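Listed below are the residues making up each chain.
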Amino acid sequence: MPMLRTGKRRILAGILIGLTFLSSIVVGLGIGFFLSGSHNIDVRGDLSSYTPALPTQILDRHGELITEIFSDEKRDIVPIDELPKNLLYALISREDSTFYTHKGIDLVRVAGAAFNIITGRYFSGASTLTMQVAGWHYADRTVIKVKRKLKEIWYAFQFERDLSKNEILEIYMNQMYFGHNAYGVESASQFYFGHSAREITIAESAILVVQLASPALYSPINHPERARSRQIDVLTQMVNLGYVTQNEADLSFREYWDSYNYTRSNISSAYFDNDSKAPYFSEYVRINLNDMLYGAVDINKDGYVVNTTLDLGYQVIANKIMDKAFHSINERYKTKSDSRLAIVDETYVPIVDMLSLLFNLEDIQVAGSKQKKAARNEFYKTISPTLEVMSLIFGMGEVKDLTQYAAVKDQLSAKKTTVEGALVTIDDHSGHILSMVGGSDFETKKYNRAVDAQVQPGSSFKPLYYSAAIGSGKFTTATRLYDGPIIFYDDAGTKYTPTNYLGSWQGSVLLRYALAHSMNVPSLQVLDGLGFEAAIERASRLLGMEEQSENRTLFPRSFPLGLGITSVAPINMARAFATFPNQGKAVVPIAITSVLDRNGNIVLEPEKERLREQQSNRSKDREVMTPQNAYIMVSILQSTVEHGTLKWRRINIGGFDGMPMAGKTGTTQNWGDAWTVGFSPYYTTAIWFGFDTPGNSLGRELTGATAAGPVWAEYMKTIHAGLERIEFQKPETGLIEMKVCSVSGLLPTSECDEGLTDEVFILGTEPKKFCDIHTFKHQRDDDLIKGLQDILLIEDFGVDTFDLDNLSSDLFTSDLPDSNFPPDGEEPEINPLLD
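Rules of the game
Residues numbered from 1 in each chain as written. Predicted model: local features only at pLDDT ≥ 70, side-chain atom pairs only at ≥ 80, totals over all residues. Heavy atoms only, no water. pLDDT = per-residue confidence, 0-100. Contact = heavy atoms within 4.5 Å. Disulfide = S-S within 2.5 Å. Buried < 20%, exposed > 50% of the residue type's maximum accessible area, 1.4 Å probe, protein only. Phe/Tyr/Trp six-rings, centres within 6.5 Å; stacked < 30°, edge-to-face > 60°. Helix = DSSP H or I, 4+ residues; strand = E, 2+ residues; numbered from the N terminus. Lys NZ or Arg CZ within 6 Å of the ring centre and 35° of its normal. Axes fitted to C-alpha atoms, helices over the stretch in contact; angles between N-to-C directions. Parallel < 35°, antiparallel > 145°, perpendicular 65-115°, else oblique. Nonpolar A, V, L, I, M, F, W, Y, C, P; charged D, E, K, R; others polar. Polar contact = N/O pair within 3.5 Å; in protein donor to acceptor, adjacent residues only side chain to side chain.

### Looking at the confidence of the model for the protein
Piece 1. With 70% of its residues at a pLDDT of 70 or more, the protein has an overall mean of 80.
Piece 2. Counted against residues more than four places away or in other chains, residues 33-38, with its pLDDT under 50, gives six contacts.
Piece 3. With pLDDT under 50 throughout, residues 793-834 is counted as low confidence; its partners more than four residues away or in other chains account for 68 contacts.

Structure (structure tokens):
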């Protein structure tokens, strides 16, 4: 065996030597070819020359211009001698370990890459740092051809001849793409870490150089676990090469992740200048485009035409309705907040002040606090901006520092007290993003809440695991549940006691009614019967978050999860709900259909790739649930609009002109977030309102049904105006419809006198038993009447005055009302904990 291994090593060594020799010949011949048709170039002169730029145009789905992206981007150049050595070492370790010894090309790496390709192991590049810089300036790095590689090699020799190693490194550090539209280490460091590249740590250096491979895959913001894995690889390489010690690497690694903010919200791009009809969507497209092209091009100056899915007509409607909602909801929030504060000022503040004076407790004295607050607000809003202008005019640095501090304080306050929101609409079947609103003011803050916010969905999360419960066969639309005080225990023995608004309960209810009216205890009975793992598996697939299903912080295996205690973005909720009208197939949001270069050549065609995948055998992988399962969820969520928490939103706008609608509202604990997510046979729209900084409350008056619901209803009615009325797609087989008792959910008997209801079931899950509730009730009533007749001397009391047929219902009725809602025409006070 040892001799066999030695023989294999010799064979492999021989192959490697042969490949190295062959690579040398190929490189030599290639360079000779280019030398025969070229002359020496002036690298320094070329680098300083200016190339006129063409704007990149972003078009909507009808070819209408949304915006032009154009920027004479001025990078923040950092001299190489001002950058920490650990950043240079991380780059060299990751990208080019022989940088300081080669002359532009590393023949060993070339041979290794050739060996990997020939043996079919994997495709790997062999570009040195010098070749990458040369390729950036003199070759199209999106083209994977030998000719392009030979060009890079030739120009790399020119760079090595004319520039020093540190000059090449300086160009690389200040020019390459690091993701999130950040070019150069300074803008990247400022974006990812919030400080200059001059202060970058060992662990941060490793994270940064990982982005050079693929920021779309390894962004520490969007994919922290992947980034951490690659970061460890770089740190290990740095230790092995002797650039840092193991202790230094371990300490820096721990410090980085101990202070890492997993809920970071500032994930817009590092640089963006946009005068757009749809600014949040344009920002989203820009980031996606950079990730698709891996930063190999500069969309600010390369003159691309980007065809997108947006419908500017719908976007104008979304902008108008959301602008109105931002104003209205913030006014309502402020009015209610001021009212609550007024009660405190008038009732409790005098008592506290009296106690502070009586017992000499200065720490609790609050007299004058109201005036102080008003003065602070006046300074932040009026005086500080004026002082800032003066500081700029007269060069008063200390005054400017003060105004900047005030601005930060004001922004932090706004995050806690300004109600923000988001809207996103996608096509039910293609996933095309048709409109997007990411907040109230793009110019003030380019944070796109439609795709980047991580907020709790509240009860709008319930349909996700209800769908798994229906699909499991354990539950049906007519399963009888109990709405009353119940204590739930998870696998760890943790006790959870959910409540309803003001402790009100409705007793026995059917599953359809429970979800339409967003009841908490019945929903947790469904979750308990289904199991956490099955619920999370289904929810994570619907949300497009399968990779995070094992994250127990995001998806806790505990009962609060059933009430939406997790973190999602509106676009995740839109894609989840769109799966229902799409007959159970996953819907992946898409913004870009194709990209053309300045000469009209196709660069990217994501839409064709999407269609090709749908037609391939892999389309089965898109099936999250069966069409029958999906249709029943559509039917249940239609009930929410017809008689559930969205009923009054439908009535207030006069209906949807015959267009079928379905949806779900959601309000989180302490009324912190308000949602409505719903769909038609055409489109799905998710709307969220809340705060950028968690912890504040919208108040009982602003819920999913009362804040987001009216906006969703008005918007959906408007964008569907003029569209042909169509029904939700219904599978031709696998379903059965029948009447059931509205109380028991079982097959009705002649004694079911409290109403029947039409229900739909997956074939084989329909009820087989007849209702026994009313049989028992009637027998009980007959026995009670007979007992009374035996006990009472009925003839003495005038038996003719008694209505024996109704005696039991008059004396012993225990029926609960069917709904929390008042008679038609009266709008109820919405129950936020049932939302």
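### With respect to the state of the cysteines
Piece 1. Here the structure, examined in full by the defined rule, presents zero disulfides.
Piece 2. Between C752, a cysteine without a disulfide, and C771, which holds the nearest cysteine sulfur, the sulfur-to-sulfur distance is 3.6 Å.
Piece 3. For C752, a relative accessible area of 10% corresponds to the buried category.

### Here's the deal with the packing of aromatic side chains
In this description, an aromatic ring pair is defined by two values, namely the gap between the centres and the angle between the planes.
Piece 1. Going through the model one piece at a time under the given rule, you end up with 22 aromatic pairs.
Piece 2. Taking the centre distance of 5.2 Å and the plane angle of 75 degrees together, the rings of F99 and Y100 count as edge-to-face.
Piece 3. Measuring from ring centre to ring centre gives 5.1 Å for Y280 and F442, while their planes differ by 85 degrees; the resulting arrangement is edge-to-face. Residue Y280 is located in helix α13 (residues 279-292), and its partner F442 is located in the loop between β5 (433-437) and α17 (449-452); the two are separated by 162 residues in the primary sequence.
Piece 4. For Y280, a relative accessible area of 4% translates into the label buried.
Piece 5. For F442, a relative accessible area of 5% gives the class buried.
Piece 6. The structure contains a cluster of three or more aromatic residues connected by ring pairs, namely F191, Y192, F193, F253, Y256, W257 and Y260.
Piece 7. Seen from the ring of W257, R228 lies directly overhead, with NZ or CZ sitting 4.4 Å from the centre.
Piece 8. Residue placement shows K446 over the ring face of F442; its charged tip is 5.4 Å from the ring centre.

### Some thoughts on unusual backbone geometry
Note: most residues except glycine have negative phi, and most peptide bonds are trans.
Piece 1. Although it is not a glycine, S518 sits at a positive phi angle of roughly 55 degrees.
Piece 2. Among the structural elements, S518 can be located in the loop between α19 (511-516) and α20 (520-530).

### Some remarks on the packing of helix α3 (residues 85-95) against helix α11 (residues 224-240)
Piece 1. At a closest axis distance of 9 Å, the pairing of α3 and α11 adopts a crossing angle of 100 degrees. In terms of orientation, α3 lies roughly perpendicular with respect to α11. In this structure, α3 contributes N86, Y89, A90, S93 and R94 to the contact, and α11 contributes V234, Q237 and M238.
Piece 2. Each residue belonging to the contact of α3 with α11 can be placed in one class, and the counts come to four nonpolar, three polar and one charged.

### Describing helix α8 (residues 185-193)
Structurally, the α-helix is built with 3.6 residues per turn, so residues lying three or four positions apart point the same way.
Piece 1. Judged by how many residues are buried, α8 sits mostly within the fold: eight of nine residues are covered.
Piece 2. For α8, the set of buried residues is V185, E186, S187, A188, S189, F191, Y192 and F193.
Piece 3. Following α8 by one or two positions, G194 has its phi on the positive side, about 80 degrees.

### Quick look at the side chain of E607
Piece 1. With respect to the helices and strands, E607 occurs in helix α23 (residues 606-615).
Piece 2. Its relative accessible area of 14% is what places E607 among the buried residues.
Piece 3. Within the local environment of E607, its side chain forms a polar contact with the side chain of H432, the two groups lying 2.9 Å apart.
Piece 4. In this structure the side chain of E607 is engaged in a polar contact, spanning 2.7 Å, whose partner is the side chain of R610.
Piece 5. If we skip the residues at most four places from it in the chain, E607 touches H432, I590, I592 and T593.

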